[in-house]
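# Commentary on secondary and tertiary structure
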Amino acid sequence: LYFAESVTKSDEYTDDSKGDLHAMLFCRVYLGSVSRCTEPDKSRIKSKCKGGGSNSLVADRLYREFVVYSHKQVYPHFVIWYKRL
């Protein structure tokens, strides 16, 4: 499951199938033991995800992005409906 700290980054993944309205979930995400990634090297990222030993992956680049491996690590709080300006 993928999450971003920045609403701008999350907005890139929204769908406008409801006309001008977009939906976004505001969630509490429990990271647990974290593997960090600072380089955009896809093969290293995949090996960290498959290697075990962590509950999540954090990519610290332009935006902080988070990947957790279980839906039990996510608590959705709100659904936010908005229009882009």
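Before reading on, note that the structure itself is shown above.
This text gives an overview of the structure that appears in the document. (Residues numbered from 1 in each chain as written. Predicted model: local features only at pLDDT ≥ 70, side-chain atom pairs only at ≥ 80, totals over all residues. Heavy atoms only, no water.)

What follows covers the sheet that holds strand S1 (residues 2-4). As a general point, the strands of a sheet are linked pairwise by backbone hydrogen bonds and lie either parallel or antiparallel. Taken in spatial order, the 4 strands line up as S1-S5-S4-S3 in an open sheet, and their pairing is mixed. Here the strands that pair on one side only, and so sit at the sheet edges, are S1 and strand S3 (34-37). Strand after strand, the sheet turns through a mean of 20° between neighbouring axes, direction not considered. (Pairing = 2+ DSSP bridges. Helix = DSSP H or I, 4+ residues; strand = E, 2+ residues; numbered from the N terminus. Axes fitted to C-alpha atoms, helices over the stretch in contact; angles between N-to-C directions.)

Attention now moves to the environment of Gly53. Structurally, the position occupied by Gly53 is in the loop between helix H2 (42-50) and strand S4 (56-60). Taking the C-alpha atoms as reference points, Gly53 and Ser35, 18 residues apart in sequence, are found 8.5 Å from one another.

With that settled, consider the nonpolar core. One finds Phe3, Cys27, Val58, Phe66, Val68 and Val74 forming the largest nonpolar core, which totals 6 residues. In this view, Val74 contacts Leu1, Phe3, Cys27, Arg28 and Val68; residues no more than four positions away in its chain are not counted. (Core = buried A, V, L, I, M, F, W, Y, C linked by side-chain atoms within 4.5 Å. Buried < 20%, exposed > 50% of the residue type's maximum accessible area, 1.4 Å probe, protein only. Contact = heavy atoms within 4.5 Å.)

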